[in-house]
Amino acid sequence: MTSASFIITNLKEAVTLEPLAKENRFTQISNKDLGRQANAWIAVTGQKIVGVGCGEVDSNFKTFANIDGRGCIALPGLIDAHTHPVFAGIRSDEFCRRLDGATYQEIAKQGGGIQSSVKSTAEATDDLLESLIRARMNTFAQHGVTTIEMKSGYGLTVAEELRHLRLIKKIAQNSAQTISATCLALHAVPKDQPSAKKWAEVCARELLPIVRKEGLADAVDAFIETGYFSVNDCALYLETAKQLGLNIRLHVDEFSDSQGAVCAASYGALSADHLQFASPEGILAMASKGVVALLLPGTSLYTSIPYTDSTPFKKAGCAIGLATDFNPGSCPVDNLRLVLTMGALHCKLTMAEAVAAVTWVPARSLRLEGEKGALTIGRDADILIMPLTSCEEFVADLGRTRPAFVFAKGRKIFSPD
Ligand code: NIG
Ligand code: FE
């Protein structure tokens, strides 16, 4: 832990993203939007940033405890807006079956995939699951992540989904990292349910009202894809979520155009994620409704499916974010800094777009842009200090370099010593 007031000095640069924060803008991002300040310092009191500047330190902060940032750069704490960390068990056998030529969908049809994790997670005690989630949060912290969106979705009964969401809530209550919980009850069709639509109706009638009443999630999610849930299957679930005041995030169009992007826009979703096969019509609809396009290149790497090209999304005027999609089957990648470099390269983002895609834009997708995603006075003191010489080096790093410090709401959550 760090004292209540401290100042990080001698920073080679601070990448503040202040121009975007000032204008509350999430699109048309260029290098000057990074708000880079050379020879910078950042002052913190309690959970908040109270000063950001360059050159001589403001006399107001001269008494603050000093943290020497020599040789380092500062960025906003990273925001991973799509993760599935509530699971037990491993699925490395599936990876090897894919090496032998099976596809992700074929393995799922044969009882593997999500159903396999559902089984091993049901067998795990609360204590085991809690310790697994906490260990995963620590790993995220080591990669500079200060805000994590966490999905349920390996429960797939009302009772198990509630158990997982209650565990997330318990962990969130005493964590320096900020957690945004999402109920992904429509992750796959449970084996004992007659159809996708019936399960979605059970969730709408029995699960979502409890989720709302107990404050267990900020949003709901569904896997809109051939073989999982159609737009029509999800209708009552998504309408109920809206009526209950829950936000919507969606897995869409990962393997085929399932009209998921169109659906995300029509419900005013906060984000639509994956998007490899989103239709031109869906992309335009997302832009017009301000739905963030959240791209997950780690999944493409690990399951050999195409990367999502951000170009049509940018042309249409969508905000673009990047997230890990950390999960036991399609993407055990837990390093958002690796995803940043991969996403820049394969999803075709510029340096500025890539930095915003793991900070400012995902903050927006969680409706946290008032508190997070930029280094400005009054925002949460979520700060990533990297022992690197420039923003260019950060984007090119491929997630190799460990942070020097990671602060979440003013608390040190990682430093190597
Ligand atoms: O986002 N697409 C659905 N869910 C995960 C995969 C989950 C799993 O295979 O366990 C995803 O890729
Ligand atoms: Fe996912």
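The structure presented is a predicted model; accordingly, all values stated were derived computationally and were not measured. (Residues numbered from 1 in each chain as written. Chains lettered and ligands numbered in written order. Predicted model: local features only at pLDDT ≥ 70, side-chain atom pairs only at ≥ 80, totals over all residues. Heavy atoms only, no water.)

Sorry, what's going on with the overall build of the chain here?
If you tally the helices and strands in the chain, you get 16 helices and 16 strands. The C-alpha atoms of the chain give 21 Å as radius of gyration, which agrees with the globular expectation for 417 residues (22 Å, within 12%). Projected onto the principal axes, the alpha-carbon positions of the chain cover approximately 70 × 45 × 45 Å. Out of the 417 residues belonging to the chain, those deemed buried represent 61%. Taking the intrachain contacts of the chain between residues at least 6 apart in sequence as the baseline, contacts between residues at least 24 apart amount to 72%. Only carbon and sulfur atoms are counted for the fraction: they give 53% of the accessible area of the chain, which is about 15,400 Å². Taking the 42 positively charged and 45 negatively charged side chains of the chain as two groups, their mean positions are separated by 3 Å. (Helix = DSSP H or I, 4+ residues; strand = E, 2+ residues; numbered from the N terminus. Rg over C-alpha atoms; globule rule 2.2 N^0.38 Å. Buried < 20%, exposed > 50% of the residue type's maximum accessible area, 1.4 Å probe, protein only. Contact = heavy atoms within 4.5 Å. Areas by Shrake-Rupley, 256 points an atom, 1.4 Å probe, with all protein chains shown as cover. Lys, Arg positive; Asp, Glu negative; His and termini not counted. Charge placed at Lys NZ, Arg CZ, Asp CG, Glu CD.)

Hey, could you run me through the packing of helix 7 (residues 196-213) against helix 8 (residues 231-244) in this one?
A pair of packed helices is captured by two measures, namely the crossing angle of their axes and the spacing between those axes. Between helix 7 and helix 8, the least distance of the axes is 7 Å, while the angle of their chain directions is 10°. Classed by the angle they form, the pair helix 7 and helix 8 counts as roughly parallel. Read as a crossing pair, helix 7 and helix 8 show a hand that is right-handed. Contacts between helix 7 and helix 8 pair Ala196, Lys197, Ala200, Glu201, Cys203, Ala204, Arg205, Leu208, Pro209 and Arg212 from the former with Asn232, Asp233, Leu236, Tyr237, Thr240, Ala241 and Leu244 from the latter. Among the residues forming the contact of helix 7 with helix 8, the class breakdown is 10 nonpolar, 2 polar and 5 charged. (Axes fitted to C-alpha atoms, helices over the stretch in contact; angles between N-to-C directions. Parallel < 35°, antiparallel > 145°, perpendicular 65-115°, else oblique. Left-handed = near helix turned anticlockwise from the far one by under 90°. Nonpolar A, V, L, I, M, F, W, Y, C, P; charged D, E, K, R; others polar.)

What am I meant to see in the domain arrangement of the chain here?
The parts lose accessible area when they come together, and the size of an interface is often stated as this lost area. In terms of domain boundaries, the chain breaks down into domain 1 (5-76 + 373-414) and domain 2 (79-365). Inter-centroid distance (C-alpha atoms) of domain 1 to domain 2 is 29 Å. Contact with domain 1, which involves 40 residues of that partner, is made by 32 residues of domain 2. In total, domain 1 and domain 2 occlude about 2,800 Å² of area from one another, counting both sides; carbon and sulfur atoms represent 70% of this. When the buried area of domain 1 at its contact with domain 2 is split by residue, Phe26, Ile29 and Val395 rank highest and sum to 23% of it. (Domains from an automatic or database assignment. Buried area = accessible area lost by both parts, 1.4 Å probe.)

I'm lost on the site of ligand 1 in this one. Help?
Close to ligand 1 lie 15 residues, the nearest being Arg91, Tyr104, Tyr154, His187 and Ser330. Taking Tyr154, its side chain carries an N or O atom lying 2.6 Å from an oxygen atom of ligand 1. Protein chains shield 100% of the accessible area of ligand 1, which is 330 Å² for the free molecule. For the shell around ligand 1, the residue count by class is 4 nonpolar, 8 polar and 3 charged. (Near = heavy atom within 4 Å. Polar contact = N/O pair within 3.5 Å; in protein donor to acceptor, adjacent residues only side chain to side chain.)

Is there a simple way to explain the nonpolar core in this structure?
General note: in soluble globular proteins, nonpolar side chains tend to be found buried as a group. In this structure, Cys183, Tyr237, Leu275 and Phe394 are the most contacted members of the largest nonpolar core, which totals 119 residues. Ranked by residue count, the leading element in this core is helix 7, at 7 residues. Domain assignment of the residues forming this core places at least three in each of domain 1 (5-76 + 373-414) and domain 2 (79-365). Ignoring any residue separated from it by four or fewer positions in sequence, one finds Tyr237 in contact with Cys183, Leu184, Ala185, Leu186, Ala200, Cys203, Ala204, Leu208, Val220, Asp221 and Ala222. (Core = buried A, V, L, I, M, F, W, Y, C linked by side-chain atoms within 4.5 Å.)

Before we go on, may I ask you to explain the packing of aromatic side chains in this structure?
Describing an aromatic ring pair means giving the distance of the ring centres and the angle of the ring planes. Applying the stated criterion to the full structure yields 11 aromatic pairs. Measuring from ring centre to ring centre gives 4.8 Å for Phe95 and Tyr302, while their planes differ by 25°; the resulting arrangement is stacked. Here Phe95, found in helix 2 (residues 92-99), pairs with Tyr302, found in helix 11 (residues 297-303); they are 207 residues apart in sequence, far enough to count as distant. The class of Tyr302 is partly exposed, set by a relative accessible area of 24%. Following the ring pairs from residue to residue traces out a cluster consisting of Phe87, Phe140, Tyr154 and Phe326. The residue whose ring lies beneath Arg136 is Phe87, and the NZ or CZ to ring-centre distance is 3.7 Å. (Phe/Tyr/Trp six-rings, centres within 6.5 Å; stacked < 30°, edge-to-face > 60°. Lys NZ or Arg CZ within 6 Å of the ring centre and 35° of its normal.)

I tried to follow unusual backbone geometry on my own but got confused; where do I start?
One can expect most non-glycine residues to show negative phi and most peptide bonds to be in trans. One non-glycine residue with positive phi stands out, namely Asn24, at about 50°. Of note, Asn24 is situated in the loop between helix 1 (18-23) and strand 2 (36-45). Taking relative accessible area as the criterion, Asn24 reaches 44% and is therefore assigned partly exposed.

I tried to follow the pattern of salt bridges on my own but got confused; where do I start?
Side chains carrying opposite charge are able to pair once their charged atoms draw close together. According to the stated counting rule, one finds 24 salt bridges in the structure shown. A network of salt bridges, in which partner residues are shared, links Lys48, Lys372, Asp380 and Asp382. (Salt bridge = Lys/Arg side-chain N within 4 Å of Asp/Glu carboxyl O.)

Explain the environment of Ala81 here, please?
Within the secondary structure layout, Ala81 lies in strand 6 (residues 78-83). Ignoring anything within four residues of it in the chain, the contact list for Ala81 reads Glu149, Arg249, Leu294, Ala323, Pro362, Ser365 and Leu366.

Quick question: what am I supposed to make of the side chain of Ser415 here?
Counting through the fold element by element, Ser415 comes out in the segment after strand 16 (411-414). Excluding residues within four positions of it along the chain, Ser415 makes contact with Ala404 and Phe405.

I keep staring at the confidence of the model for the chain and nothing clicks. Help me out?
Should the pLDDT be low somewhere, the predicted coordinates at that spot are not to be read in detail. Looking at the chain as a whole, its pLDDT mean stands at 97, while 99% of the residues score no less than 70. Averaged pLDDT values for the elements of the chain fall to 91 in helix 3 (residues 104-109) and rise to 99 in strand 6. (pLDDT = per-residue confidence, 0-100.)

What exactly am I supposed to notice about the side chain of Asp382 here?
Assignment of secondary structure puts Asp382 in the loop between helix 15 (360-365) and strand 14 (383-386). Accessibility expressed as a relative area gives 5% for Asp382, which makes it buried. Among the polar contacts made by the side chain of Asp382, one reaches the side chain of Lys372 at a distance of 2.7 Å. Leave out the neighbours within four places in its chain, and Asp382 touches Leu75, Pro76, Gly77, Thr146, Thr147, Lys372, Leu375, Phe407, Ala408 and Lys409.

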